[in-house]
Amino acid sequence: MTIYCDESGGLNAGAMTFAAVMLTPQAATDIHERFRSVTGLRGELKGSRISTVERAYLLELFDRAGGRAWVAVAKRDALSKNPGGTLPSDLALYAALLDLAVGRWLPETGGVCTDVVIDEGRYDPTILAKVRADIQSGLGQWGRASLADSRRSDGVQIADVIANSLFNIAVASPRARRIQRIIDPMLASKAIRVAELTQVA
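Keep in mind the model is a prediction, meaning the values are calculated, not measured.

Caption draft 1: Molecular detail of the pairing of strand β3 (residues 68–75). When you tally the buried positions in β3, you get six out of eight residues, the bulk of the element. As judged from the eight bridges shared by strand β2 (residues 15–23) and β3, these two strands associate in the antiparallel manner. Residue pairing in the sheet places Met16 in a bridge with Ala74 of β3. As judged from the five bridges shared by β3 and strand β6 (residues 192–196), these two strands associate in the parallel manner.

Caption draft 2: Representation of the pattern of salt bridges within the structure. Applying the stated criterion across every chain, the model contains six salt bridges. Across the pair Arg151 and Asp149 runs a salt bridge, and its minimum N-O distance is 3.0 Å. Residue classification places Asp149 among the buried positions, given a relative accessible area of 14%. Arg152 is the salt-bridge partner of Asp149, the closest N and O atoms lying 2.5 Å from each other. Arg152 sits in the exposed class, given a relative accessible area of 69%. One salt-bridge network, held together by shared partners, links Asp149, Arg151 and Arg152.

Caption draft 3: Representation of the sheet that holds strand β5 (residues 145–148) within the structure. Reading across from one edge, β5-β4-β1-β2-β3-β6 is the order of the six strands in this open sheet, with mixed pairing throughout. Only two strands of the sheet have a single partner each, and these edge strands are β5 and β6. Geometrically, the sheet is characterised by an average inter-axis angle of 20° between neighbouring strands, direction not taken into account. Taken strand by strand, helix α3 (residues 90–105) contacts β1 (2–10), β2, β3, β4 (115–119) and β6, and its axis lies near 30° from that of β2.

Caption draft 4: Helix α5 (residues 154–170), seen in detail. Between the first and last C-alpha of α5 there are 25 Å, a value that for 17 residues agrees with the 24 Å anticipated at 1.5 Å per step. Of all 17 residues that make up α5, 15 are buried, and the element is covered over most of its length. Looking one or two residues past α5, Ala172 carries a phi angle of roughly 55°, positive in sign.

Caption draft 5: Looking closely at the environment of Leu79. Note on placement: Leu79 falls in the loop between β3 and α3. Those residues in contact with Leu79 that sit more than four places away from it in its chain are Leu11, Ala74, Leu87, Pro88, Leu93, Leu197, Thr198, Gln199 and Val200.

Caption draft 6: Summary view of the environment of Gly43. Relative to the helices and strands, Gly43 is located in the loop between α1 (25–39) and α2 (52–64). In the structure, Gly43 is positioned 108 residues away from Arg151 in sequence and 8.1 Å away in space, judged by C-alpha atoms.

Caption draft 7: Representation of unusual backbone geometry in the model. Despite not being glycine, Ala172 has its phi angle at roughly 55°, a positive value. By the element assignment, Ala172 lies in the loop between α5 and α6 (176–188). A residue is classified by how much of its surface remains accessible, and Ala172, at 61% relative accessible area, is exposed. One non-glycine residue, Lys190, adopts positive backbone phi at about 70°. Tracing the backbone shows Lys190 in the loop between α6 and β6. For Lys190, a relative accessible area of 52% gives the class exposed.

What counts and what doesn't
- Residues numbered from 1 in each chain as written.
- Predicted model: local features only at pLDDT ≥ 70, side-chain atom pairs only at ≥ 80, totals over all residues.
- Heavy atoms only, no water.
- Buried < 20%, exposed > 50% of the residue type's maximum accessible area, 1.4 Å probe, protein only.
- Helix = DSSP H or I, 4+ residues; strand = E, 2+ residues; numbered from the N terminus.
- Pairing = 2+ DSSP bridges.
- Salt bridge = Lys/Arg side-chain N within 4 Å of Asp/Glu carboxyl O.
- Axes fitted to C-alpha atoms, helices over the stretch in contact; angles between N-to-C directions.
- Contact = heavy atoms within 4.5 Å.
- Expected span 1.5 Å × (residues − 1).

As C-alpha cells, this is what we get:
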C-alpha cells in the first residue's frame, strides 16, 4: 500500500488540512482513469476546480475501491498561539499536520512496507527534502518517503480532492453543506477519519 499526501488551504484562509490517503498505486490509477473517462477532465485533478457532482463521483470511486484516509485539520481560531501571541508559521503547521496524519497510519500498517508520497509543490525543494527526511526517519524500515509532482501522481491528486473537501467544511465555505453530505457516509464508515490539530509543538 502507498500513503499519498497533499494539503489544502492555509491559516490566511482560515484553516489548513492535510490528507494522507492509503491506496495501492493500481487502485489510484484506476480511480483516476475512470474519473477522467467519465467526466472528460483535462489537466490536473484538483478539488478547487471540480464541481460538487464531480467531487461526489470521485469520492464514490475512492470509497468503492476500498480507499481510506486520515485527514489532519487545523482551524486558525482553534490553534494555540506562540508565547509571543503569534500563530505558527505556514511551514511549521504543514509539517505538524503531515506528521499527525501520517503518524495515525503507521501503527495501523502492521509492519507492512508502506511508501509515503508527498506533493512537492508547496515549498522550496530544499525545505521539502528535510520534511521528507523526517518522515523517512519515522518510517524506519517500513517503507520509503518520496516527493512527487502532483501532475504525475494519481494518488496525490486524489489526496488533493479529499484535503480540499475537508478544507471547505472547516472554513464553512458556500459548498460546505453539500460536501458534508457527500463525506458523511465515509466518516460514518471510517473510510475517512479526521484528526484535529490545536497546538504546534
